[in-house]
Protein chains: 2
Amino acid sequence: MRALLVVAHGSRRQASNDEVGELAGVLAARVAGRYHYVKEAFLEMAEPDIASGLQACIDAGAKQIDVLPYFLSAGRHVVTDVPEDVAKVATKYPDIEISILPYVGQVAGMVDLLAEICSPPSAN
Amino acid sequence: MRALLVVAHGSRRQASNDEVGELAGVLAARVAGRYHYVKEAFLEMAEPDIASGLQACIDAGAKQIDVLPYFLSAGRHVVTDVPEDVAKVATKYPDIEISILPYVGQVAGMVDLLAEICSPPSAN
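Let me sum up the structure you'll find in this document. Quick caveat: nothing in here was measured; it's all calculated off a predicted structure.

Here proline 102 of chain B lies in the loop between strand 4 (97–100) and helix 4 (109–117). Between the C-alpha atom of proline 102 of chain B and that of valine 89 of chain B, which follows or precedes it by 13 residues, the distance is 19 Å. Not counting the four nearest positions on each side in its chain, proline 102 of chain B is found in contact with Ile117 of chain A together with Leu68, Pro69 and Val107 of chain B.

Moving on: the side chain of aspartate 81 of chain B. Along the polypeptide, aspartate 81 of chain B turns up in helix 3 (residues 76–92). Of note is the side chain of aspartate 81 of chain B, whose polar atom sits 2.8 Å from the side chain of histidine 77 of chain B.

At a minimum axis separation of 10 Å, helix 1 (residues 14–30) of chain A and helix 4 of chain B run at an interaxial angle of 55°. Relative to helix 4 of chain B, helix 1 of chain A is oriented oblique. Here helix 1 of chain A runs over helix 4 of chain B; the crossing is right-handed. Residues Leu23, Val26, Leu27 and Arg30 of chain A of helix 1 of chain A form the contact with helix 4 of chain B, whose own contacting residues are Met110, Val111, Asp112, Leu114 and Ala115 of chain B.

For the rest of this paragraph, the subject is the pattern of salt bridges. Residues and elements named next belong to chain A. Inspection of the entire model under this criterion finds 10 salt bridges over all chains. As a salt-bridge pair, aspartate 81 and arginine 76 come within 3.2 Å of each other at their nearest N and O atoms. Aspartate 81 gets classed as buried once you look at its relative accessible area, which sits at 16%. Note on arginine 76: relative accessible area 43%, which makes it partly exposed. Several salt bridges converge on common partners, so that one network encompasses Arg2, Arg34 and Asp66.

What follows is about the sheet that holds strand 2 (residues 37–42) of chain B. Residue and element names in this part refer to chain B. Read across the open sheet, the four strands follow the order 2-1-3-4; overall the sheet is parallel. Here the strands that pair on one side only, and so sit at the sheet edges, are strand 2 and strand 4. Going from strand to strand, the sheet's axes swing by 20° on average, the running direction of each strand aside. Note: strand 1 (residues 2–8) against strand 3 (residues 64–69), six bridges, orientation parallel. Note that in strand 3 the partner of valine 7 across the bridge is proline 69.

Another point: the interface of chain B and chain A. Chain B puts 46 residues into the contact, and the matching count from chain A is 45 residues. A per-residue breakdown of the area chain B buries against chain A is headed by Leu72, Ile117 and Cys118 of chain B, which together make up 16% of the total. On inspection of chain B and its partner chain A, the count reaches two salt bridges. Viewed at the interface, chain A and chain B are joined by 14 residue pairs in polar contact (both at pLDDT 80 or more). In terms of residue count, the dominant contributor to the side of chain B that touches chain A is helix 4 of chain B (nine residues). Of the residues in the side of chain B that touches chain A, the class split is 27 nonpolar, 10 polar and nine charged.

Each value, and the rule that gives it
Every chain's residues receive numbers from 1 upward, in the order its sequence appears when written. Here every chain gets a letter starting at A, and every ligand a number starting at 1, in the order they are written. Given that this is a predicted model, residues contribute local features only at a pLDDT of at least 70 and side-chain atom pairs are listed and counted only at 80 or more, while totals for whole chains, interfaces and linings are drawn from all residues. In computing side-chain properties, one takes all heavy atoms of the structure into account and sets aside hydrogens as well as water. Segments assigned H or I by DSSP are reported as helices when at least four residues long, segments assigned E as strands when at least two residues long, and all are numbered from the N terminus. Two residues form a contact once any of their heavy atoms are found within 4.5 Å. Between N or O atoms, a polar contact is any pair within 3.5 Å; within protein, one atom must be a potential hydrogen donor and the other a potential acceptor, and residues adjacent in sequence are included only when both atoms are from side chains. Whenever a helix is involved, its axis is fitted only over the stretch in contact; in every case the axis is a line through C-alpha atoms, and angles between N-to-C directions fall within 0 to 180 degrees. Orientation labels follow simple angle bins: below 35 degrees gives roughly parallel, above 145 gives roughly antiparallel, 65 to 115 gives roughly perpendicular, and whatever is left gives oblique. Each crossing is labelled by how the near helix is turned from the far one, with a counterclockwise turn of less than a right angle marking it left-handed and a clockwise turn marking it right-handed. Salt bridges are counted wherever a side-chain nitrogen of Lys or Arg sits within 4 Å of a carboxyl oxygen of Asp or Glu. Relative accessibility thresholds used throughout: buried, under 20% of the residue-type maximum; exposed, over 50%; partly exposed, between the two (1.4 Å probe, protein chains only). At least two DSSP bridges between two strands are needed for those strands to be called paired. Accessible-area loss on putting two parts together, using a 1.4 Å probe and summing over both, is the definition of buried area adopted here. In this count, Pro and Cys sit with the nonpolar residues alongside Ala, Val, Leu, Ile, Met, Phe, Trp and Tyr, while Asp, Glu, Lys and Arg are called charged and the others, Gly among them, polar.

Have a look at this one:
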């Protein structure tokens, strides 16, 4: 059983964290053929944290977990913080295969998305 | 003359800020029909800041500037900080039309981008 954990930074604004949960919900429907369980987690300032999110995936029966860093650039959070939090859980569960996917800003489609935002009719 | 300012958070890791500059460069080529000048700027921890980025657009001859918040969710930075920094410059230049576009995480195409990341062959 494969699970997907969407890891966002987390915000003091609950509406911002709710957005991530909603996105994970829409994504879950889109990737249902590949992932049986999709959950969101937050690096800081919001719950669940990464350890709790991974635990939820494991409790749901996941044997493989893909972590999707919902971050735009390879700052400290992507390079160090997320991998460290993931590694702590991975050490506890050697039988669970946990992979970290490319972060969102790293993929080629990002420039298409930006071009879409600043082209009519979506541009002001 | 219309300019586009891509505003990212900014990182202590220079490689992360360089990524934003490279993305702005690729985007510039993609939106060249609409924008004569494309520049990146950073909310904090990196240069140029938003005021300097907007000034560069104005110095390049821009009469209309679209600000693209390169942020994933509507946290404090998107809701308060970026608009405040933009407003300070807008007040100084009443003849320049400055608009803030939707932030990256807000657009419908984001879920497609995420689905692409976690689907083979790009997964793992």
